[in-house]
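Here is what each chain is made of, one letter per residue.
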Amino acid sequence: MIYKTALLIGALITAPFLGGLLMGLDRILTARLQSRIGPPLLQPFYDLIKLLRKEKMVVNVWQAFCVNCYVAAASISVGLFILGSDLLLILFIQAVGAIFLVVGALTSTSPYSQVGAHRELLQILSYEPLLILAIIGIYLETGSFKIEAVLDWEQPLLMRLPFLFLVTGYALLVKLRKSPVDLSTSHHAHQELVKGLTTDYSGPYLALIELGHWYEVVLFLGFCSLFWATSWIGMLIVALGLFLAEILVDNTTARLTWRWMLGSTWGLGLTLSLINLIWLFLRR
Amino acid sequence: MGIFKNITEISRMKSPWLLHFDCGSCNGCDIEVLACLTPVYDVERFGIIHVGNPKHADLLLVTGTVNHRNKKVLVNLHQQMPEPKIVVAIGACGLSGGIFREAYNVVGGVDQVIPVHVYVPGCPPKPEAIIDGVVLALKEFEAKNEKYGQGARGKRREANKEQEKS
Ligand code: SF4
């Protein structure tokens, strides 16, 4: 019991640090890919602290409420993940948080945040089914939805779920809001519409959104690392490799329309997942 | 408390997000501001991000003269920025109205409408000068930090009242 509590608290504290460092790495690599030097590694932390200490300004109280719910859901799902809980439960809690973010943006009347909210809904609609299918694939292979069971499985899941891994990587791209699917909001924003979802958030609330995003980054990379759960090194390599690939894709593609996003995630993603699932089912 | 204040101060200095408002400039100054973002100058090294949203911004860069039509927009943008905020006026036009000073619709420099902390002269100023101005503005944060560290909202109300009076 004590061990689990310590694990939980440790995870809740280290996850944002890890997430922040990953974002810093992302910004440096992005800059290097654009032949710039880029900000220091700790830049995301500077941004976060600065935003936290800025004046509080809200458009309405619901914004603040929704942001807090979003961060709570994101951190709870990270906590459940580290405790080896049920994958479906984690996914649903995370989805509730994501919906709260959308509701928060919808409460403001600004057209930019409205458009951003609608686009974020489409993004959730794109990646959520893919992740559920990936979890079903894991269930078909290991016979359990529990992370503990995945960790105990003696063969890397990647061997049996190659297509599902690809699809999960694509879902991660949508979740991290990387180009070409950075529709709802983007870290590389130079215009109003690009900031979408976060347009009406400022100061500490913007910081909280960022914090929630860090939790989610860690959660999703953790989920991806389950595909090589036989060794710690394998998990690390899979997660980091995927993250680097996402940065590369982010920098080599242009943002596309939401129709393309829905078409590609549902068309390609669902087809690949189904092929993999049917294959798993036949081999049982 | 001291250490928290220090961390805040460092973070503020290291992460100035800027909003650029073209207040009727001839576009010369705007191009120079945007040039700072290119790989040659790469202001992201200093954590500077060019945001298009007053609610996210710490620094307001204003280029061009203020006229009777856009002064309301300028005041609006300035009020939407959360404290602490700094205003940098860029170019001869932003400082005093420049060559448009005599025009019938021109109010004059940016400081006629909102408080300006740093002036960057030139027509247009070089990107180096603009970066210099921004760095100077960051020092201003230190002074402002004292004022706006606590009770930012009260200070804001006072500032708004003053603005209404004038
Ligand atoms: S200062 Fe010169 S370059 Fe800048 S807006 Fe005025 S006329 Fe144009």
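These numbers come from a predicted model, not from an experiment.

### A look at the overall build of chain B
Alright, step 1. Broken down by element type, chain B carries six helices and seven strands.
Alright, step 2. In sequence order, chain B lays out its α and β elements as α-β-α-β-β-β-α-β-α-β-β-α-α.
Alright, step 3. When burial is assessed residue by residue, chain B has 52% of its 166 residues classed as buried.
Alright, step 4. Put simply, chain B shows about 8000 Å² of open surface, and 57% of that area lies on carbon and sulfur atoms.

### Concerning the site of the ligand
Residue and element names in this part refer to chain B.
Alright, step 1. If you check the shell around the ligand, you find Ser25, Cys26, Gly28, Cys29, Gly91, Ala92, Cys93, Gly122, Cys123 and Pro124 and nothing else.
Alright, step 2. Those elements that provide at least two residues to the shell around the ligand are helix H2 (28-35) and helix H4 (91-96).
Alright, step 3. The greatest single-element share of the shell around the ligand, amounting to three residues, is contributed by H4.

### A few points about the interface of chain A and chain B
Alright, step 1. Contacts between the two partners involve 31 residues from chain A and, on the opposite side, 33 residues from chain B.
Alright, step 2. Regarding the contact of chain A and chain B, the summed buried area is about 2700 Å², with carbon and sulfur atoms giving 52% of it.
Alright, step 3. On the chain A side of the interface with chain B, the three residues burying the most area are Lys50(A), Arg53(A) and Glu55(A), jointly 25% of the side's total.
Alright, step 4. At the boundary of chain A with chain B, the tally comes to six salt bridges.
Alright, step 5. Two residues, Asp58(B) and Lys54(A), come together in a salt bridge whose shortest N-O distance is 2.3 Å.
Alright, step 6. Inspection of the region where chain A meets chain B yields 19 residue pairs in polar contact (both at pLDDT 80 or more).
Alright, step 7. Secondary structure elements with two or more residues in the side of chain A that touches chain B: helix H2 (43-52), helix H9 (192-195) and helix H10 (203-225) of chain A.
Alright, step 8. Classifying every residue of the side of chain A that touches chain B gives 11 nonpolar, nine polar and 11 charged.

### Quick word on the pattern of salt bridges
Close approach of charged atoms lets side chains of opposite charge pair.
Alright, step 1. Counted under the stated rule, the structure contains 13 salt bridges over all chains.
Alright, step 2. A salt bridge links Arg36(A) to Glu44(B); the shortest N-O distance between them is 2.7 Å. Of this pair, Arg36(A) sits in the loop between helix H1 (2-33) and H2 while Glu44(B) sits in the loop between H2 and strand S2 (49-50), on two different chains.
Alright, step 3. On the basis of relative accessible area, Arg36(A) is assigned to the buried category, the value being 13%.
Alright, step 4. For the salt bridge of Lys178(A) with Asp250(A), the shortest nitrogen-to-oxygen distance reads 3.8 Å. Of this pair, Lys178(A) sits in the loop between helix H8 (162-175) and H9 while Asp250(A) sits in helix H11 (residues 232-252), placing them 72 residues apart in sequence.
Alright, step 5. We classify Lys178(A) as buried; its relative accessible area is 6%.
Alright, step 6. By sharing partners, the salt bridges in this structure join Arg27(A), Arg36(A), Asp47(A), Asp42(B) and Glu44(B) into a single network.

### Here we look at the packing of aromatic side chains
All names here are of chain A.
Alright, step 1. If you walk through the whole model with that rule in mind, you get eight aromatic pairs over all chains.
Alright, step 2. With a centroid separation of 5.4 Å and an interplanar angle of 70 degrees, the aromatic rings of Phe45 and Trp214 are classed as edge-to-face. Taken together, the positions of Phe45 in helix H2 and Trp214 in helix H10 put the pair 169 residues apart, joining distant regions of the chain. Here Phe45 and Trp214 have matching classes, each one buried.
Alright, step 3. A ring pair is formed by Trp62 and Phe65, whose centres lie 5.7 Å apart and whose planes are at 85 degrees; its orientation type is edge-to-face.

### Considering unusual backbone geometry
Trans is the prevailing form of peptide bonds, just as negative phi is the prevailing case for residues other than glycine.
Residue and element names in this part refer to chain B.
Alright, step 1. A cis amide bond, omega -10 degrees, links Glu83 with the succeeding residue Pro84.
Alright, step 2. Assignment of secondary structure puts Pro84 in the loop between helix H3 (71-80) and strand S5 (86-90).
Alright, step 3. In this structure, the amide linkage connecting Cys123 to the following residue, Pro124, adopts the cis form with an omega of -10 degrees.
Alright, step 4. Mapping Pro124 onto the fold places it in the loop between strand S7 (118-120) and helix H5 (127-148).

### Describing helix H12 (residues 258-283) of chain A
Since the α-helix advances by 3.6 residues per turn, residues separated by three or four positions end up pointing in the same direction.
All names here are of chain A.
Alright, step 1. For H12, built from 26 residues, the straight-helix expectation of 38 Å at 1.5 Å per residue is met to within 8% by its first-to-last C-alpha distance of 36 Å.
Alright, step 2. Residues of H12 that are buried: Met261, Leu262, Ser264, Thr265, Gly269, Ser273, Asn276, Leu277 and Leu280.
Alright, step 3. Those residues of H12 that are buried are in contact with helix H5 (111-142), helix H7 (157-160) and H8.

### Some remarks on the sheet that holds S2(B)
Residue and element names in this part refer to chain B.
Alright, step 1. With parallel pairing, five strands are arranged side by side in an open sheet as S2-S1-S3-S5-S7. Of all strands in the sheet, those with a lone pairing partner are S2 and S7, marking the two edges.
Alright, step 2. Summarising the sheet, strand S1 (residues 17-22) and strand S3 (residues 59-63) pair through five bridges and their orientation is parallel. Residue pairing for S3: His20 is matched across the bridge by Leu61.

### Section: the nonpolar core
Buried together is how nonpolar side chains tend to be arranged in soluble globular proteins.
Alright, step 1. In this structure, Tyr127(A), Phe223(A), Leu226(A), Leu60(B), Val62(B), Leu74(B) and Val110(B) are the most contacted members of the largest nonpolar core, which totals 96 residues.
Alright, step 2. At 14 residues, the largest contribution of residues to this core is made by H10(A).
Alright, step 3. Once residues within four sequence positions are removed from consideration, Leu74(B) is found in contact with Phe21(B), Cys23(B), Leu60(B), Val62(B), Val66(B), Val110(B), Val113(B) and Ile114(B).

### A closer look at the environment of Ala98(A)
Alright, step 1. Here Ala98(A) is to be found in helix H4 (residues 87-106).
Alright, step 2. Setting aside its immediate chain neighbours within four residues, Ala98(A) contacts Tyr70(A), Ile124(A), Tyr127(A) and Lys175(A).

### Re the pairing of S5(B)
All names here are of chain B.
Alright, step 1. Burial analysis of S5 places five of its five residues in the buried class, the great majority of the element.
Alright, step 2. Side chains of S5 alternate between two faces, with Ile86, Val88 and Ile90 and Val87 and Ala89 buried alike.
Alright, step 3. Note: S3 against S5, five bridges, orientation parallel. Residue Leu60 lies in a different strand from S5, and its bridge partner there is Val87.
Alright, step 4. Where S5 meets S7, three bridges bridge the pair, whose relative direction is parallel. Across the sheet, the residue bridging to Val88 is Val118, located in S7.

Analysis parameters
- Residues numbered from 1 in each chain as written.
- Chains lettered and ligands numbered in written order.
- Predicted model: local features only at pLDDT ≥ 70, side-chain atom pairs only at ≥ 80, totals over all residues.
- Heavy atoms only, no water.
- Helix = DSSP H or I, 4+ residues; strand = E, 2+ residues; numbered from the N terminus.
- Buried < 20%, exposed > 50% of the residue type's maximum accessible area, 1.4 Å probe, protein only.
- Areas by Shrake-Rupley, 256 points an atom, 1.4 Å probe, with all protein chains shown as cover.
- Near = heavy atom within 4 Å.
- Contact = heavy atoms within 4.5 Å.
- Buried area = accessible area lost by both parts, 1.4 Å probe.
- Salt bridge = Lys/Arg side-chain N within 4 Å of Asp/Glu carboxyl O.
- Polar contact = N/O pair within 3.5 Å; in protein donor to acceptor, adjacent residues only side chain to side chain.
- Nonpolar A, V, L, I, M, F, W, Y, C, P; charged D, E, K, R; others polar.
- Phe/Tyr/Trp six-rings, centres within 6.5 Å; stacked < 30°, edge-to-face > 60°.
- Expected span 1.5 Å × (residues − 1).
- Pairing = 2+ DSSP bridges.
- Core = buried A, V, L, I, M, F, W, Y, C linked by side-chain atoms within 4.5 Å.

Scope: geometric values only; no functional claims are made or implied.
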